[in-house]
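Reading the structure
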Amino acid sequence: MLWEPRKADPVEMRDAMKLNAYAKINLTLEVLGRRPDGFHAVATVLHTIDLADELTFEPADEIALAGDDAGTPAEENLVMRAAKLLRQTLGEARGVRITLAKRIPVAAGLGGGSTDAATTLAGLSRFWQRDVSAAELALLAATLGSDVPFFLTGGAGLGEGRGEIVTLLPPMRQTWLVLTTPRVTLDRKTARLYGAMQPAMYTRGEATKHMADALRSGAYVT
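As the structure is a prediction and not an experimental result, all values here were calculated from the model.

1. Digging into helix α1 (residues 78–90)
- Taking 1.5 Å of rise per residue, the 13 residues of α1 would be expected to cover 18 Å, and the 18 Å separating its terminal C-alpha atoms lies within 8% of that figure.
- When we look at burial in α1, the residues that qualify are Leu-78, Val-79, Met-80, Ala-82, Ala-83, Leu-86, Arg-87 and Leu-90.
- Where α1 is buried, its residues contact β3 (40–60), β4 (63–67), β5 (95–101), α2 (112–127) and α3 (134–144).
- For α1, the capping residue at the N-terminal end is Asn-77, with a side-chain oxygen 3.0 Å from the backbone nitrogen of Val-79.
- Count one or two residues on from α1 and you reach Gly-91, which has phi positive near 65°.

Rendered as structure tokens:
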């Protein structure tokens, strides 16, 4: 599976637009400690890969979701939440019909829901032909999830804070990797895993700093 440094240009059809929403892996992920707001501070280097969901945007009077994941309640569905958030923020009267084709395994740590949300924000602002700055999109993305802002750009990035503070890094050269997803389902997996963290498991982020410095130096870049 090849690295995918950045999202491909959208495929525009008559009255419709199709976008890929790329998955990610964490090259490093360190938990630094618990914050006063209840979240954990993390240091992570993320990188998108060429495994991707596909979203198609078509004109509609209201916001609707079809295809995979369409049965998920709207309040839990990140695509619907992203579309409604952007529409409300912009005061947009038009709707959209989004068709989602899922290829990224669910709850596998690959960011499937987050990348779908980010692609919805970026794609829908373009589909509606609204001028929304990258900074504005990032603020909206951060309200949807800690790693959603990273997926607005993809490639390689250093995630800090609770993961929503993203500094872009030079992407790695194309290479192969093997993904495995165990057939284990945990309810509220992320919350349970972070809840099990003990202070002895915290680090100072050295591994993440080393990886980020290596990417900046060109050690893994052609």
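The rest of the description comes next.
2. Focus on α3
- Residues of α3 that are buried include every one of Leu-137, Leu-140, Ala-141, Ala-142 and Leu-144, and no others.
- Along its buried surface, α3 packs onto α1 and α2.

3. So, the pattern of salt bridges
- Throughout the structure, instances matching the rule amount to ten salt bridges.
- We note a salt bridge from Lys-102 to Asp-116, for which the minimum N-O separation is 3.2 Å. Placement of Lys-102 in the loop between β5 and α2 and of Asp-116 in helix α2 is noted, with a sequence separation of 14 residues between them.
- On the basis of relative accessibility, which here comes to 23%, the residue Lys-102 falls in the partly exposed class.
- According to the relative accessible area criterion, Asp-116 is buried, its value standing at 2%.
- For Asp-213, the salt bridge identified is with Lys-209, shortest N-O distance 2.9 Å. Taken together, the residues Asp-213 and Lys-209, both in helix α5 (residues 206–217) and four residues apart, mark about one turn of the helix.
- Here the salt bridges do not stand alone but share partners, grouping Asp-53, Lys-102 and Asp-116 into one network.

4. Details of the side chain of Thr-119
- Counting through the fold element by element, Thr-119 comes out in helix α2.
- Owing to a relative accessible area of 2%, Thr-119 belongs among the buried residues under this scheme.
- Reaching out from Thr-119, the side chain makes a polar contact with the backbone oxygen of Thr-115 at a distance of 2.8 Å.

5. Some words on the pairing of strand β7 (residues 165–169)
- Relative to β7, strand β6 (residues 156–160) runs antiparallel, the two being bridged by five bridges. Its bridge partner being in β7, Glu-160 is matched across the sheet by Ile-165.
- Two successive antiparallel strands, β6 and β7, enclose a turn made up of four residues, where Gly-161 displays a positive phi of approximately 70°.

6. Notes on unusual backbone geometry
- In the Ramachandran plot, Ala-107 falls in the positive-phi region, its phi being about 55° despite a non-glycine side chain.
- Tracing the backbone shows Ala-107 in the loop between β5 and α2.
- Residue Ala-107 is classed as exposed on the basis of its relative accessible area of 60%.
- A positive phi angle, close to 60°, is found at Gln-129, a residue other than glycine.
- Mapped onto the elements of the fold, Gln-129 is located in the loop between α2 and α3.
- Taking relative accessible area as the criterion, Gln-129 reaches 71% and is therefore assigned exposed.

7. With respect to the packing of aromatic side chains
- Across all of its chains, the model carries two aromatic pairs by this definition.
- Ring plane angle 35° and centroid distance 6.3 Å describe the contact between Phe-57 and Phe-127, whose orientation is recorded as tilted. Linking Phe-57 in strand β3 with Phe-127 in helix α2, this pair joins segments that are 70 residues apart in sequence. Grouping residues by exposure puts Phe-57 and Phe-127 together as buried.
- When the centroid spacing of 5.2 Å and the interplanar angle of 65° are considered together, the rings of Phe-150 and Phe-151 count as edge-to-face.
- Positioned over the ring face of Phe-39 is Arg-162, at 5.1 Å from the centre of the ring.

8. A few points about the nonpolar core
- Ranked by internal contacts, the top residues of the largest apolar core, which has 33 residues, are Phe-57, Leu-86, Val-96, Ile-98, Leu-121 and Leu-124.
- Contributing elements (two or more residues each) for this core: β2 (16–34), β3, β4, α1, β5, α2 and α3.
- If we ignore the near neighbours within four places in the chain, the residues touching Leu-124 are Phe-57, Ala-83, Leu-86, Val-96 and Thr-119.
- Membership of the second largest hydrophobic core comes to eight residues, among which are Leu-158, Met-172, Met-211 and Leu-215.

Cut-offs used in this document
Residues numbered from 1 in each chain as written. Predicted model: local features only at pLDDT ≥ 70, side-chain atom pairs only at ≥ 80, totals over all residues. Heavy atoms only, no water. Helix = DSSP H or I, 4+ residues; strand = E, 2+ residues; numbered from the N terminus. Expected span 1.5 Å × (residues − 1). Buried < 20%, exposed > 50% of the residue type's maximum accessible area, 1.4 Å probe, protein only. Contact = heavy atoms within 4.5 Å. Polar contact = N/O pair within 3.5 Å; in protein donor to acceptor, adjacent residues only side chain to side chain. Salt bridge = Lys/Arg side-chain N within 4 Å of Asp/Glu carboxyl O. Pairing = 2+ DSSP bridges. Phe/Tyr/Trp six-rings, centres within 6.5 Å; stacked < 30°, edge-to-face > 60°. Lys NZ or Arg CZ within 6 Å of the ring centre and 35° of its normal. Core = buried A, V, L, I, M, F, W, Y, C linked by side-chain atoms within 4.5 Å.

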